[in-house]
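# Fold and contact review
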Amino acid sequence: MRGVMNKDVLTKDVRDLVQAYNTDGVVVVRNVLTAYWLEALRHAVDHELQKGRRYFANRNMRMEGGVFLDFCLNSGIGRIAADLANARCSSLIFDHIFAKEAGTKTRTGWHTDQPYWPISGPIMTTWIALDPVDDDNGALEFIPGSHAWGKKYRPFKTGKNGEFLEYFKLDDPQYSDMPDFEAERERHTMVSWDLQPGDLLAFDGFMVHSAKGNRTSTRPRRGYAIRFATEGATYQPDQGVAEWLEDETLQPGDAFASVKFPLVYQADLL
Ligand SMILES: O=C(O)CCC(=O)C(=O)O
């Protein structure tokens, strides 16, 4: 593995986006990756896709070491997440390749992420475009402000391309049913952005979002998402459905950081 050189550390100043992230729960940050990281991540993603696994199977890539681990821990992406959240630290929850190859027509249904995970408090996904992304090849869509509705929508099981299969936790009163946002599009403001390779979407764990299918026959849509817990996030194993995110070294209510979920960034203490 090649060590990270200073010129490869991401230096994007995102202070002017903090307010928008707080209000809307989602922002686009342009041109975040350096040429080195864009090339390295594309290459690493292609290598994984050649193994034939698709979509939800391609998570926790950093546990295989190499470029993904190096990027998560050493690229400076953790500082960008902390800065956007106006937080003094960030720890890594997991990373995830989201590749919608040409002809993957399935739409990823509307959902929120945090109800799946055993974590309370602020969570952010940084979703990085490795290809040009637009409406035709699978742009993500968001309902700005939905992160602040105070709703915990029931998690559901999805198929290999992110399509709805069935609900979890049907009898658990802490969750409410998710409205059919697709059917009521005209009642909501929905936003999406065309992205260039190296642009990044940052969104809150309770953000209502979805992704279009890839209607093209030639243009892949490779994305790489890293999930961070930021200052104030705590471990809550009575929540969520992702047993693979449980950590026996943490007690309920502990700050969300451990060997399994490493602190990636911590501001200098004064
Ligand atoms: O990239 C996609 O298709 C969906 C991404 C998503 O839903 C997520 O990152 O939570």
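Residues numbered from 1 in each chain as written. Predicted model: local features only at pLDDT ≥ 70, side-chain atom pairs only at ≥ 80, totals over all residues. Heavy atoms only, no water.

Take the overall build of the protein next. When helices and strands are tallied, the protein shows four helices and 13 strands. For 270 residues, the compact-globule estimate of 2.2 N^0.38 gives 18 Å, and the C-alpha radius of gyration of the protein, at 18 Å, lies within 12% of that figure. Seen through its principal axes, the protein has C-alpha atoms that stretch 50 × 50 × 35 Å. With 270 residues in all, the protein has 53% of them scored as buried. Element-wise, carbon and sulfur atoms account for 50% of the exposed surface of the protein, whose accessible area totals about 12,300 Å². Of the charged side chains in the protein, 31 are positive and 38 negative, and the gap between their average positions amounts to 4 Å. (Helix = DSSP H or I, 4+ residues; strand = E, 2+ residues; numbered from the N terminus. Rg over C-alpha atoms; globule rule 2.2 N^0.38 Å. Buried < 20%, exposed > 50% of the residue type's maximum accessible area, 1.4 Å probe, protein only. Areas by Shrake-Rupley, 256 points an atom, 1.4 Å probe, with all protein chains shown as cover. Lys, Arg positive; Asp, Glu negative; His and termini not counted. Charge placed at Lys NZ, Arg CZ, Asp CG, Glu CD.)

Turning our eyes to something else, we now look at the layout of surface pockets. Taken as a whole, the second largest pocket spans an internal volume of roughly 190 Å³. In terms of lining residues, the second largest pocket is bounded by Arg-107, Gly-109, Trp-110, Phe-156, Phe-164, Tyr-167, Met-178, Pro-179, Asp-180, Phe-181 and Glu-182. Of all the secondary structure elements, the ones that give two or more residues to the lining of the second largest pocket are β3 (108-111) and β8 (164-167). Its residues assigned to classes, the lining of the second largest pocket comprises seven nonpolar, one polar and three charged. (1 Å grid on protein atoms, 1.4 Å probe; cavity = no way out; pocket = protein on both sides within 12 Å on 5 of 7 lines; lining within 4 Å. Points joined across faces, edges and corners; volume = space filled by probe spheres on them. Nonpolar A, V, L, I, M, F, W, Y, C, P; charged D, E, K, R; others polar.)

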